[in-house]
2 protein chains.
Amino acid sequence: MDTTQRTDQERSADRRRRELLEAADRVVLRDGPGASMNAIAAEAGITKPILYRHFGDKGGLYAALAKRHTDALLDSLRAALDAPAERRERVEATLDTYLAAIEARPQVYRFLMHPAEGGQPGVDQGFDVGKHSAPLLRRMGEELGKVIEDRLDLGPDSHRLARVWGHGIVGMMFAAGDWWLGERPCTRAELVRSLADLLWGRLAAAGDKVGGPGF
Amino acid sequence: MDTTQRTDQERSADRRRRELLEAADRVVLRDGPGASMNAIAAEAGITKPILYRHFGDKGGLYAALAKRHTDALLDSLRAALDAPAERRERVEATLDTYLAAIEARPQVYRFLMHPAEGGQPGVDQGFDVGKHSAPLLRRMGEELGKVIEDRLDLGPDSHRLARVWGHGIVGMMFAAGDWWLGERPCTRAELVRSLADLLWGRLAAAGDKVGGPGF
DNA sequence: AGACTCAAGTTACCGCAGGTAACATCTTAG
DNA sequence: CTAAGATGTTACCTGCGGTAACTTGAGTCT
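What comes next concerns the included structure. (Residues numbered from 1 in each chain as written. Chains lettered and ligands numbered in written order. Predicted model: local features only at pLDDT ≥ 70, side-chain atom pairs only at ≥ 80, totals over all residues. Heavy atoms only, no water.)

## What about the overall build of chain A?
Working step 1: Summing up its helical and strand segments, chain A has ten helices and two strands in all.
Working step 2: Listing the helices and strands of chain A from first to last along the sequence gives α-α-α-α-α-α-α-β-α-α-α-β.
Working step 3: In chain A, buried positions account for 47% of the 215 residues.
Working step 4: Counting only carbon and sulfur atoms, one obtains 50% of the accessible surface of chain A, whose full area is about 10,000 Å². (Helix = DSSP H or I, 4+ residues; strand = E, 2+ residues; numbered from the N terminus. Buried < 20%, exposed > 50% of the residue type's maximum accessible area, 1.4 Å probe, protein only. Areas by Shrake-Rupley, 256 points an atom, 1.4 Å probe, with all protein chains shown as cover.)

## Structural notes on the environment of Ala23 of chain A
Working step 1: The topology assignment puts Ala23 of chain A in helix H1 (residues 2-31).
Working step 2: Each C-alpha atom of the pair Ala23 of chain A and Ala41 of chain A lies 8.1 Å from the other, and the pair is 18 residues apart in sequence.

## Digging into the nonpolar core
Working step 1: Judged by nonpolar contacts, the single largest core of 122 residues is most densely connected at Tyr98 and Met140 of chain A together with Tyr98 and Met140 of chain B.
Working step 2: Among all residues touching Met140 of chain A, those that are not within four sequence positions of it are Leu73, Leu74, Leu77, Tyr98, Met113, Val170 and Met173 of chain A. (Core = buried A, V, L, I, M, F, W, Y, C linked by side-chain atoms within 4.5 Å. Contact = heavy atoms within 4.5 Å.)

## Regarding the relation of the copies chain A and chain B
Working step 1: The transformation that overlays chain A on chain B combines an axial shift of 0.0 Å with a rotation of 180 degrees, and the residual RMSD is 0.1 Å. Read as a symmetry element, the transformation amounts to a two-fold axis. Rotation axis and chain A: the residue whose C-alpha lies nearest the axis is Gly201 of chain A, separated from it by 1.9 Å.
Working step 2: Mapped onto chain B, 100% of the interface residues of chain A again fall at the interface, so both copies present the same surface. (Least-squares fit on C-alpha atoms with pLDDT ≥ 70 in both.)

## Comments concerning the protein's contact with DNA strand C
Working step 1: In the neighbourhood of DNA strand C, 14 residues make up the surrounding shell, with Thr47 and Arg53 of chain A together with Lys48, Tyr52 and Lys58 of chain B lying closest.
Working step 2: Contact distances for DNA strand C include 2.6 Å between a base oxygen and a side-chain N or O atom of Lys48 of chain B.
Working step 3: Going through the elements one at a time, helix H3 (48-55) of chain A together with helix H3 (48-55) of chain B are the ones with two or more residues in the surface near DNA strand C.
Working step 4: Considering only residue class, the surface near DNA strand C consists of six nonpolar, three polar and five charged. (Near = heavy atom within 4 Å. Polar contact = N/O pair within 3.5 Å; in protein donor to acceptor, adjacent residues only side chain to side chain. Nonpolar A, V, L, I, M, F, W, Y, C, P; charged D, E, K, R; others polar.)

## Regarding the environment of Lys58 of chain B
Residues and elements named next belong to chain B.
Working step 1: Structurally, Lys58 can be placed in helix H4 (residues 58-82).
Working step 2: Sequence separation between Lys58 and Met37 is 21 residues; the distance between their C-alpha atoms is 7.3 Å.
Working step 3: In terms of polar contacts, Lys58 uses its side chain to reach the backbone carbonyl oxygen of Ala35, at 3.2 Å.

## Structural notes on the packing of helix H6 (residues 106-113) of chain A against helix H8 (residues 158-183) of chain A
Residues and elements named next belong to chain A.
Working step 1: Relative to each other, H6 and H8 sit at 130 degrees, their axes nearing to 12 Å. Judged by the inter-axis angle, H6 sits oblique to H8. The handedness of the crossing between H6 and H8 is left-handed. Residues Pro106, Tyr109, Arg110 and Met113 of H6 form the contact with H8, whose participating residues are Phe174, Asp178 and Leu181. (Axes fitted to C-alpha atoms, helices over the stretch in contact; angles between N-to-C directions. Parallel < 35°, antiparallel > 145°, perpendicular 65-115°, else oblique. Left-handed = near helix turned anticlockwise from the far one by under 90°.)

## Let's talk about the interface of chain A and chain B
Working step 1: Opposite the 63 residues of chain A that make contact, chain B presents 63 residues.
Working step 2: Where chain A meets chain B, there are eight salt bridges.
Working step 3: Across the pair Arg163 of chain B and Glu183 of chain A runs a salt bridge whose closest N-O atoms are separated by 3.3 Å.
Working step 4: Broken down by secondary-structure element, the contributors of at least two residues to the side of chain A that touches chain B are helix H5 (87-104), helix H7 (133-151), strand S1 (152-153), H8, helix H9 (188-199), helix H10 (202-205) and strand S2 (207-208) of chain A.
Working step 5: Sorting elements by how many residues they give to the side of chain A that touches chain B places H8 of chain A first, with 17 residues.
Working step 6: Direction of pairing for S2 of chain A relative to strand S1 (residues 152-153) of chain B: antiparallel, over a ladder of two bridges. By the bridge assignment, Gly207 of chain A is partnered in S1 of chain B with Asp153 of chain B. (Salt bridge = Lys/Arg side-chain N within 4 Å of Asp/Glu carboxyl O. Pairing = 2+ DSSP bridges.)

## Considerations on the packing of aromatic side chains
Working step 1: Counting across every chain of the model gives three aromatic pairs over all chains.
Working step 2: The interplanar angle of 35 degrees and the centroid separation of 6.3 Å between the aromatic rings of Phe174 of chain A and Phe174 of chain B together place this pair among those described as tilted. Of this pair, Phe174 of chain A sits in helix H8 while Phe174 of chain B sits in helix H8 (residues 158-183), each in a different chain. Here Phe174 of chain A matches Phe174 of chain B in class, with each residue buried.
Working step 3: Taking the centre distance of 4.8 Å and the plane angle of 40 degrees together, the rings of Tyr62 of chain B and Phe111 of chain B count as tilted. Here Tyr62 of chain B, found in helix H4, pairs with Phe111 of chain B, found in helix H6 (residues 106-113); they are 49 residues apart in sequence, far enough to count as distant.
Working step 4: Look at Tyr62 of chain B and you get buried, because its relative accessible area is 0%.
Working step 5: One residue, Arg184 of chain A, lies across the ring of Trp180 of chain A, its end atom 4.6 Å from the ring centre. (Phe/Tyr/Trp six-rings, centres within 6.5 Å; stacked < 30°, edge-to-face > 60°. Lys NZ or Arg CZ within 6 Å of the ring centre and 35° of its normal.)

So, in structure tokens, the structure goes:
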């Protein structure tokens, strides 16, 4: 039948696509995000035009690659967010999950968030970057905002508050995590605790230092 | 004398450098961060090699350009942070200063934070990105961390706490600002208030919504 | 069987970017 | 007057993303 035939072709194409993505993944993780289309094609054992037939352009390949990792990370975060526990525990679990993920696979993290760092000197970095590094942050922010709005009673402005907080908290997690990953100034648990303390209002509650007007 | 001669030459070189930077600024603000070295050279009325003699490579030009804007923004923020007022007022003033800055000059903002978005389709984006978008965030985080440590009494772990909070708060401001700038879901004042509320512990204080276990 | 279709795959090329070498020119010191 | 050294130029290299045009090979119709 026509349908079975088409299905066969589609399956074959899908498998191929997955193989290509895995090859691309290997190259990107090895060479950094500046990996060239030629390098990826070579790793996959084929040549450039095929990549272009499958993914359109470099951005398409990047997007497909990023989507896989982003989805995986979001799944982990959702799990932590949905665990049955007290609010503070959940927040800490979510923070820890995120930090554990970026700690475990910094190459993937750098690819998603800082897509133009690796690569040889003198060679133009590539990958259309930026346009795709935001999406992960945005998606995380949106997800968290929804969860907050669903579960918390925030009064009349709850919609706005929840969304702002979602993006804000995600940004906090991101920037602190990025800094921590680079400098490793403390343990993961300490970082989690410090951030949760911040969210729990310790900034407002802290006393002024003697002699100054206080922050 | 040798010294006066050198000084004269150095002054001339510095002036030239400033002129080139201003030309580069114009181009980047007009064409987006994908501006090519050729375009910048043309705008400055000269040719490429001169740019390379002055800035080494594209990254050098980018860095010089970014430093100017970054320093300017940091000065504004320091002013808001140092104003004589209560803590909450200062926090709100700082948030508002940042948001006002990115609102007033989104082109500059996008150049600093998402340096590879503009540019024609089909053309490889440029500017070595990423490596330089972090610095602004990092610098802001460090500055804020110092201020917090200087002024707040945070007990034994004050050093770590202050630094974590510095980076975390900056990240919150950044992500929320980025999202807000893109979607404009509310007024600036509302955003400032919502973020300050978050920092003031309203997340911990909020009640659970009826029917659920609460975030 | 033999012509037909359609996807996978190739080579060879284009345009354009970043970056450099080699040559010209003008100013200034000795 | 000459030598140095910065300023500027043209012309070129490399490597990238992306595409056109051709070849191959598996399966389909008659």
